[in-house]
Amino acid sequence: MKTTFILSSALAIHAAIVAHEADIESLDRAIGDGDHYINIKRASEVIAGMYNELVPLPPDEVLQKIGTKLLSSIGGASGVLFASFFMEMAKVAKINGTNNKLEIAAAFAAGVQAIVQRGKATVGEKTMLDVLIPVSTTFTLSAAAGKTTAEICQALKDAADIGLESTRAMIATKGRAVGLGERGIGHLDPGAKSCQVMIHAVCNLILKD
Ligand code: ADP
Ligand code: MG
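First things first, this report covers the structure right here in the doc. This one's a predicted model, so the numbers in the text were calculated from it and none came from an experiment.

### Regarding helix 7 (residues 101–119)
Across its 19 residues, helix 7 extends 27 Å between first and last C-alpha, which sits within 8% of the 27 Å expected from 1.5 Å per residue. At its buried positions, helix 7 is contacted by helix 6 (76–96), helix 8 (129–144) and helix 10 (190–208). Taken from the residues just after helix 7, K120 is the one with a positive phi, measuring 50°.

### Concerning the pattern of salt bridges
Per the stated rule, a full pass over the model turns up six salt bridges. Close ionic contact of K193 with D23 constitutes a salt bridge, the shortest N to O distance being 3.8 Å. Note that K193 is positioned in helix 10 and D23 in helix 2 (residues 21–31), a separation of 170 residues in sequence. Among the residues examined, K193 registers a relative accessible area of 11% and is labelled buried. Ionic pairing is found between E88 and K91, a salt bridge with its closest N-O pair at 3.3 Å. Taken together, the residues span about one helical turn, with E88 and K91 both in helix 6 at a distance of three residues.

### Details of the coordination of the magnesium ion (ligand 2)
At the metal site, the magnesium ion (ligand 2) is ligated by D28 (OD), D33 (OD) and D35 (OD), and these contacts range over 2.0 to 2.6 Å. Written as a sequence motif, the donor arrangement for the magnesium ion (ligand 2) is D-x4-D-x1-D. With a relative accessible area of 7%, D28 lands in the buried category. On the basis of relative accessibility, which here comes to 40%, the residue D33 falls in the partly exposed class.

### As for helix 10
Turn by turn, an α-helix covers 3.6 residues, leaving residues three or four places apart pointing in a common direction. In a regular helix each residue adds 1.5 Å, so 19 residues correspond to 27 Å; helix 10 covers 27 Å between its end C-alpha atoms and thus fits that length. A large share of helix 10 lies buried, amounting to 15 of its 19 residues. N-cap assignment for helix 10: the residue whose side-chain oxygen lies 3.2 Å from the backbone N of G191 is D189.

### Let's talk about the site of ligand 1
Within the structure, ligand 1 sits among 20 residues, and N39, A77, S78, R176 and D189 are positioned closest to it. The side chain of N39 places a nitrogen or oxygen atom 2.8 Å from an oxygen atom of ligand 1. Here an oxygen atom of ligand 1 and a backbone polar atom of A77 are 2.8 Å apart. Summarising the interface, the protein chains cover 93% of the accessible area of ligand 1, which totals 570 Å² for the free molecule. Judged by the fraction of its atoms near the pocket grid, ligand 1 is located in the second largest pocket. Among the secondary structure elements, those contributing two or more residues to the shell around ligand 1 are helix 3 (36–48), helix 6 and helix 10.

### Brief notes about the packing of aromatic side chains
In this structure the tally under the stated criterion is three aromatic pairs. Where F85 meets F108, the ring centres are 5.4 Å apart and the plane angle is 75°; that geometry is what we call edge-to-face. One end of the pair, F85, is in helix 6; the other, F108, is in helix 7, with 23 residues separating them in the sequence. With respect to burial, F85 and F108 carry one shared label: buried. Three or more aromatic residues joined by ring pairs form one cluster here, namely F85, F86, F108 and F139.

### Here's the deal with the side chain of E125
Of note, E125 is situated in the loop between helix 7 and helix 8. E125 sits in the buried class, given a relative accessible area of 11%. In this structure the side chain of E125 is engaged in a polar contact, spanning 2.9 Å, whose partner is the backbone nitrogen of T122. Among the polar contacts made by the side chain of E125, one reaches the side chain of K174 at a distance of 3.1 Å. When residues no more than four places from it in sequence are discounted, the contact partners of E125 are K120, D130, M170, I171, A172, T173 and K174.

Calculation notes
Here, residues in each chain are numbered from 1, in the same order as that chain's written sequence. Think of it this way: whatever chain is written first is A, whatever ligand is written first is 1, and the rest follow in order. The predicted origin of the model limits local features to residues at a pLDDT of at least 70 and limits the giving and counting of side-chain atom pairs to 80 or more, whereas totals for whole chains, interfaces and linings rest on all residues. The basis for every side-chain value is the complete set of non-hydrogen atoms in the structure, without hydrogens or water. Strands are runs of DSSP state E lasting at least two residues, helices are runs of H or I lasting at least four, and both sets are numbered from the N terminus onward. The span one expects for a helix is its residue count, reduced by one, times 1.5 Å. We call two residues contacting when some pair of their heavy atoms lies within 4.5 Å. In the sections that follow, a salt bridge refers to a side-chain nitrogen of Lys or Arg positioned within 4 Å of a carboxyl oxygen of Asp or Glu. The classification of residues rests on relative accessible area computed with a 1.4 Å probe and restricted to protein chains. Under 20% of the type maximum is buried, over 50% is exposed, and intermediate values are partly exposed. We call an atom a donor if it is N, O or S and sits within 2.8 Å of the metal, or 3.2 Å for Na, K and Ca. Water is not counted, so some sites may look partial. Polar contacts, as used here, are pairs of N or O atoms within 3.5 Å; protein pairs need one atom able to donate a hydrogen and one able to accept it. Residues neighboring in sequence count only if both atoms are side-chain atoms. Nearness here has a simple test: a residue counts as near a molecule or strand if at least one of its heavy atoms is within 4 Å of that partner. Reported accessibility uses the Shrake-Rupley method at a 1.4 Å probe radius. Residues are deemed covered only where the shown protein chains occlude them. With a 1 Å grid laid over protein atoms only, a set of points is called a cavity when a 1.4 Å probe fits there but cannot get out and a pocket when it is open yet has protein on both sides within 12 Å along at least five of seven lines; lining residues have an atom within 4 Å of a point. Molecule-in-pocket calls rest on the fraction of atoms, with more than half required to lie within 2 Å of the cavity or pocket grid points. Pairing of aromatic side chains here covers Phe, Tyr and the six-membered ring of Trp, requires ring centres within 6.5 Å, and sorts the geometry by plane angle: under 30 degrees stacked, over 60 edge-to-face, intermediate tilted.

Here it is as structure tokens:
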């Protein structure tokens, strides 16, 4: 995984988040406190704006700098969780490298595990993890099975869509939506939606090449 790919992904993510403002906004308004879109838009804007600073650095340092920037500049539960993702991914990328699909999948999985540890949540709690955990598992399994890049990207988008949809019927047991109890049923989780948007943005970028 090259630095230029990470930075192109950051730009694609920023554009996709802005394009999905209406969906993401309405979800956190329905079951959260309405700030998720602002948090995530600001996060993606700040990272996209670091292009010139990051472009000379190796991938693990880029990931580390993205993590620390998110930690210092983005509010909400999601800011801390995304920061943990990037900082842990950076650590594993530095130790093991990201020279092939399996290594990238391993770094991604470590990042998702950092979110699990920091937020003490898992699948089925109506959070971003309902997208990220199945995406990570699919990534590792399809990379290990020797699938092509195009096959992996399609599988990741499908896993993100199914994971997002699964949050609709859930009662939140983590995050702000907990207080809503059964009234949250019928709404998608905003963090799961923004993660699905980001996964699609990066996969579409790869599929375009
Ligand atoms: P806040 O909840 O502080 O207002 P955001 O609105 O930015 O922060 O983010 C809300 C999203 O964060 C939720 O939709 C959910 O996906 C995610 N989230 C909240 N708590 C957790 C947790 N403990 N583990 C994983 N994700 C969480
Ligand atoms: Mg919120």
